[in-house]
Amino acid sequence: MIEQTELLCCTDVSLGYEGQPLLEHLNLEIRAGDYLCIVGDNGSGKSTLLRALLGLLAPLSGEIRRAPELKNGAIGYLPQQTRAQRDFPATVSEVVMSGFLNQKGSRFFYSAAQKSTALMNMGKLGILELKDRCYRELSGGQQQRVLLARALCAAGRLLILDEPITGLDPAAAQELYKALDYLNQQEGMAVVMVTHDLKAALQSAKTVLHIGRSSWFCGSAADYLSSPQGKRFREVLE
């Protein structure tokens with residue numbers, strides 16, 4: 001049985017495609033309130049791991065267990081945006097509310113409770129005044145906060161983000177990190193984030209997972225810096 005506070009558990013998991021592994025023998029626990037940053041080389045399997053955590057890719061071997069609340073898709077996911085998505089012709093409210101699509105069932109309209117939750121999530125992220133604006137007219141940082149509000153509408157206790165600051169200026173990136181810190185520390189939301197921004201990752205993360213081409217490391221930020229994988233990246237912080 002999966003423990004109550006445990007949201008996801010990978011046991012001796014190997015991931016890849018057509019029988020060829022990219023990542024092997026991974027053991028990983030994600031619990032309520034965790035903040036996990038996934039770092040490593042391009043092509044090492046970071047996005048592949050996210051697909052597996054989301055339930056979109058079955059392991060080649062090993063087991064991924066999910067808490068019952070996550071088996072119904074209650075994970076907030078913030079993918080990398082494409083140019084077409086940035087130009088999506090919808091209002092901010094419409095984009096945020098679309099986070100509830102998997103929960104609508106056969107209903108044609110959103111419920112009053114869902115509308116209230118959407119407004120609350122926009123308020124948490126400081127975008128409530130933008131609710132009637134067209135999404136494609138917003139700045140990159142504003143769009144990311146809109147998508148984060150959308151992810152919150154889908155989420156129970158877990159957010160998964162794939163390179164969320166890509167294309168953002170430094171000020172917008174810091175605003176997004178502050179929002180994630182608030183959701184993690186004040187709301188108890190577990191955060192799993194793939195990032196190349198190692199400095200910010202080590203400031204915020206409770207756990208760092210480094211995926212290399214031939215090995216992986218999972219532990220605290222301090223332990224990571226002392227590991228063979230982390231020592232390669234120290235100069236980034238200096």
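Below, the structure is looked at part by part.

Let's shift gears to the overall build of the protein chain. Counting its secondary structure elements, the protein chain contains 10 helices and nine strands. For the protein chain, the C-alpha radius of gyration of 18 Å lies close to 18 Å, the compact-globule estimate for 238 residues. Seen through its C-alpha atoms, the protein chain measures out along the principal axes to roughly 50 × 45 × 35 Å. The buried share of the protein chain, taken over its 238 residues, is 49%. Within the protein chain, contacts between residues separated by at least 24 positions form 67% of all contacts whose residues are at least 6 apart in sequence. Accessible surface, the protein chain: about 12,000 Å² in total, of which carbon and sulfur atoms supply 50%. Considering the protein chain, the positive charge centre built from 25 side chains and the negative charge centre built from 25 side chains are found 5 Å apart.

Here we take up the pairing of strand 6 (residues 158–162). With five of five residues buried, strand 6 lies mostly within the body of the structure. Neither face of strand 6 is exposed, since Leu158, Ile160 and Asp162 on one face and Leu159 and Leu161 on the opposite face are all buried. Of the strand pairs in this sheet, strand 5 (residues 76–78) and strand 6 are connected by three bridges, and their pairing is parallel. By the bridge assignment for strand 6, Leu78 is matched with Leu161. Relative to strand 7 (residues 190–194), strand 6 runs parallel, the two sharing five bridges. Looking at strand 7, one finds that Leu158 is bridged to Ala190. Taking the sense of rotation as the criterion, the β-α-β connection linking strand 6, helix 6 (residues 170–185) and strand 7 turns out right-handed.

Here we come to the side chain of Glu6. With respect to the helices and strands, Glu6 occurs in strand 1 (residues 6–17). Overall, the relative accessible area of 3% leaves Glu6 in the buried class. Side-chain polar atoms of Glu6 contact the side chain of Arg31, separated by 3.4 Å. With near-sequence residues (within four places) excluded, Glu6 lies in contact with Glu29, Ile30, Arg31, Arg65 and Ala67.

Turning our attention to the sheet that holds strand 1. Ordered by their spatial adjacency, three strands build an open sheet running 2-1-4, and the pairing between neighbours is antiparallel. The open sheet is flanked by strand 2 (20–31) and strand 4 (61–66), the only strands paired with a single partner. Going from strand to strand, the sheet's axes swing by 15° on average, the running direction of each strand aside. Pairing of strand 1 with strand 2, which is carried by eight bridges, proceeds in the antiparallel orientation. Of the residues in strand 2, the one forming a bridge with Cys9 is Glu29. Each of strand 1, strand 2 and strand 4 touches helix 1 (residues 46–53); the most contacted strand, strand 1, lies at about 130° to it.

A few words on helix 1. With six of its eight residues buried, helix 1 lies for the most part within the structure. Every buried residue of helix 1 is accounted for by Lys46, Thr48, Leu49, Leu50, Ala52 and Leu53. Looking one or two places after helix 1, you find Gly55, whose phi comes out positive at around 85°.

A few words on the environment of Ala155. Within the secondary structure, Ala155 sits in the loop between helix 5 (140–154) and strand 6. With near-sequence residues (within four places) excluded, Ala155 lies in contact with Ala74, Ile75, Gly76 and Met189.

What follows concerns the sheet that holds strand 9 (residues 216–219). Taking strand neighbours across the sheet as the criterion, the six strands line up as 5-6-7-3-8-9 in an open arrangement whose pairing is mixed. Edge strands, defined here as strands with exactly one partner in the open sheet, are strand 5 and strand 9. Sheet twist, expressed as the mean angle between neighbouring strand axes with direction ignored, is 10°. Against the sheet, helix 5 makes contact with strand 5 and strand 6, and its axis sits at roughly 155° relative to strand 5, the strand it touches most.

What counts as what
Residues numbered from 1 in each chain as written. Predicted model: local features only at pLDDT ≥ 70, side-chain atom pairs only at ≥ 80, totals over all residues. Heavy atoms only, no water. Helix = DSSP H or I, 4+ residues; strand = E, 2+ residues; numbered from the N terminus. Rg over C-alpha atoms; globule rule 2.2 N^0.38 Å. Buried < 20%, exposed > 50% of the residue type's maximum accessible area, 1.4 Å probe, protein only. Contact = heavy atoms within 4.5 Å. Areas by Shrake-Rupley, 256 points an atom, 1.4 Å probe, with all protein chains shown as cover. Lys, Arg positive; Asp, Glu negative; His and termini not counted. Charge placed at Lys NZ, Arg CZ, Asp CG, Glu CD. Pairing = 2+ DSSP bridges. Right-handed = clockwise from strand over helix to strand, strands pointing away. Polar contact = N/O pair within 3.5 Å; in protein donor to acceptor, adjacent residues only side chain to side chain. Axes fitted to C-alpha atoms, helices over the stretch in contact; angles between N-to-C directions.

Geometric descriptors of this kind do not, in isolation, establish any biological role.
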